[in-house]
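# Structural features, examined
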Amino acid sequence: MQTEVKKFYTCKFDRPFKEIFLNEQNKHLLKGLLETILKTKIDKIELKPSELNSNNINIKRKYLDALIYVKGKKIGIEVNSNAEENYLRPRNASFIFNIYSSHTIVGEMYNEDTDIIQINLSYNLKDNEKIRVYKLRDVEGKEYVKNLYIYEINMDYYRELWYNEKEEIKDAKYLVMLDLGLEELKKFAKKEKVVGEYMDKLEKLNKDPEFYQYMSHEEDERKIYNSRMYEAEQKGLQKGIEKGIEKGIEKGLQEGMEKGLQEGMKKGSINKSMEIAKKMLEKNISIEEIMEITSLSQQEIEKLN
């Protein structure tokens, strides 16, 4: 009997990312990750509740994967395990605009002193760029506000660094390690101490029965949802095909009937013209006159004699 291999959950998923990087004891790991992405030195990190509250009861509460305060910056982090989903960008945009709005309405005046940043750790992005930084600009490049940033991180690019053994791995280790499996992390940890520390925490988390049960349930729910969506798409496709065939047959029958009627009328008209032509011949009316009146050809009229 083949033994089932237990799945090892990486920080490609938001739950393990939160458990490790939003832990007060692991701020140094979060600091290293942020410094790698933002290319700036960070001294102090303050973790905030990730729920974005709204005073309007008709607006659904929104949850970020992480909300972080550092000097002069408010940073939201989203882990997108499948960035191909069409709803992700509108949803992520709602998060950063909510942060911007919440920050702006506090205080005695409006200013742009604090950078509002969203970092999207996106997998399956289908992009050649490793990092894109978006801002709110017009078509000529003029900024509407200077303190709004969206960082789209192409996590597949950083995973490929590992497989291609690029020199860039060392400087990008905080990003590269996020979706490596246990055996890959063991190899990486021999070269980078911080990777070993991260690996130990992730391995311990995967051994926690409550965490593993939660992740297994979440994955099961996702698979059920995907299966139902696929089934619905297939049913819709089949129904569309059947409807198309039905409409095609209906259209073909209609066109056939119209064509038959037209041909019948045309044939009936010719027969009637021939009857008239025959009577005109009997009265010795010239062929030229008969042709003009009946629209028959000379050959058709001569056959009537």
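Everything that follows concerns the structure shown earlier in this document.
Residues numbered from 1 in each chain as written. Predicted model: local features only at pLDDT ≥ 70, side-chain atom pairs only at ≥ 80, totals over all residues. Heavy atoms only, no water.

## Section: the overall build of the protein chain
Basically, it comes down to this: By the criteria applied, helices consist of DSSP H or I runs no shorter than four residues and strands consist of E runs no shorter than two, each listed in order from the N terminus. Burial classes follow relative accessibility: with a 1.4 Å probe on protein chains only, a residue under 20% of its type's maximum area counts as buried, one over 50% as exposed, and anything between as partly exposed. Only heavy atoms matter for contacts: two residues are in contact if any of them lie within 4.5 Å across the pair. Throughout, the Shrake-Rupley method with a 1.4 Å probe supplies accessible areas, and for residues the shown protein chains are the sole cover considered.
When helices and strands are tallied, the protein chain shows 10 helices and eight strands. Out of the 305 residues belonging to the protein chain, those deemed buried represent 34%. Residue pairs at least 24 apart in sequence account for 55% of intrachain contacts in the protein chain once pairs closer than 6 positions are excluded. For the protein chain, the exposed area adds up to about 20,900 Å²; of that, 50% sits on carbon and sulfur atoms.

## Brief notes about helix 1 (residues 14-21)
In an α-helix, one turn spans 3.6 residues, which is why side chains three or four residues apart end up on the same side. For the record, the criterion: By construction, the arc corresponds to the directions joining the helix axis to the C-beta atoms.
Among all positions in helix 1, only Pro-16, Phe-17, Ile-20 and Phe-21 are buried. Buried residues in helix 1, looked at end-on, bunch into an arc of 105°, giving them a common side.

## Looking at the pattern of salt bridges
For clarity, the cut-off: By definition, a salt bridge exists where a carboxyl oxygen of Asp or Glu is found within 4 Å of a side-chain nitrogen of Lys or Arg.
All told, the structure shown has 15 salt bridges when counted by the stated rule. Note that Glu-168 is salt-bridged to Lys-130, the shortest N-O span being 3.1 Å. Separated by 38 residues along the polypeptide, Glu-168 in the loop between helix 4 (155-164) and helix 5 (173-176) and Lys-130 in the loop between strand 6 (115-122) and strand 7 (131-134) bring together distant segments of the chain. For Glu-168, a relative accessible area of 25% gives the class partly exposed. Residue classification places Lys-130 among the partly exposed positions, given a relative accessible area of 35%. Of the charged contacts, one joins Lys-173 and Glu-192 as a salt bridge, the two residues approaching to 3.9 Å between their closest N and O atoms. Linking Lys-173 in helix 5 with Glu-192 in the loop between helix 6 (182-189) and helix 7 (193-206), this pair joins segments that are 19 residues apart in sequence. Of the two residues, Lys-173 and Glu-192, neither departs from the other in class, the shared state being buried. Linked through salt bridges whose partners overlap, the residues forming this network are Lys-135, Arg-137 and Glu-143.

## Considering the packing of aromatic side chains
Put simply, the rule is: Pairing of aromatic side chains here covers Phe, Tyr and the six-membered ring of Trp, requires ring centres within 6.5 Å, and sorts the geometry by plane angle: under 30 degrees stacked, over 60 edge-to-face, intermediate tilted. Look at NZ for Lys and CZ for Arg. If either is within 6 Å of the ring centre and within 35 degrees of the ring normal, a charge sits over the ring.
For the structure shown, the criterion picks out seven aromatic pairs. Centroid distance Phe-21 to Tyr-198: 6.0 Å. Interplanar angle 40°. Geometry classified as tilted. In this pair, Phe-21 sits in helix 1 while Tyr-198 sits in helix 7, placing the two residues 177 residues apart along the sequence. Centroid distance Tyr-157 to Tyr-158: 5.1 Å. Interplanar angle 85°. Geometry classified as edge-to-face. When its relative accessible area of 26% is taken as the criterion, Tyr-157 is described as partly exposed. Site record: aromatic cluster; members linked through ring pairs are Tyr-9, Phe-13, Phe-211 and Tyr-212. Across the ring face of Tyr-214, the terminal group of Arg-15 is positioned such that the distance to the ring centre comes to 4.0 Å.

## With respect to the sheet that holds strand 8 (residues 148-154)
Applied cut-off: A pair of strands counts as paired when DSSP detects no fewer than two bridges linking them. For helices, the fitted axis covers only the stretch in contact; all axes are lines through C-alpha atoms, and the angles between them, taken along N-to-C directions, range from 0 to 180 degrees.
A sheet is described by the order of its strands in space; here six strands give the open sequence 1-4-5-6-8-7, paired in mixed fashion. One side of each edge strand has no neighbouring strand; the edge strands of this open sheet are strand 1 (45-48) and strand 7. With strand direction ignored, the average angle separating the axes of adjacent strands in the sheet is 20°. Strand direction decides the pairing type here: strand 1 and strand 4 (residues 66-70), joined by four bridges, are antiparallel.

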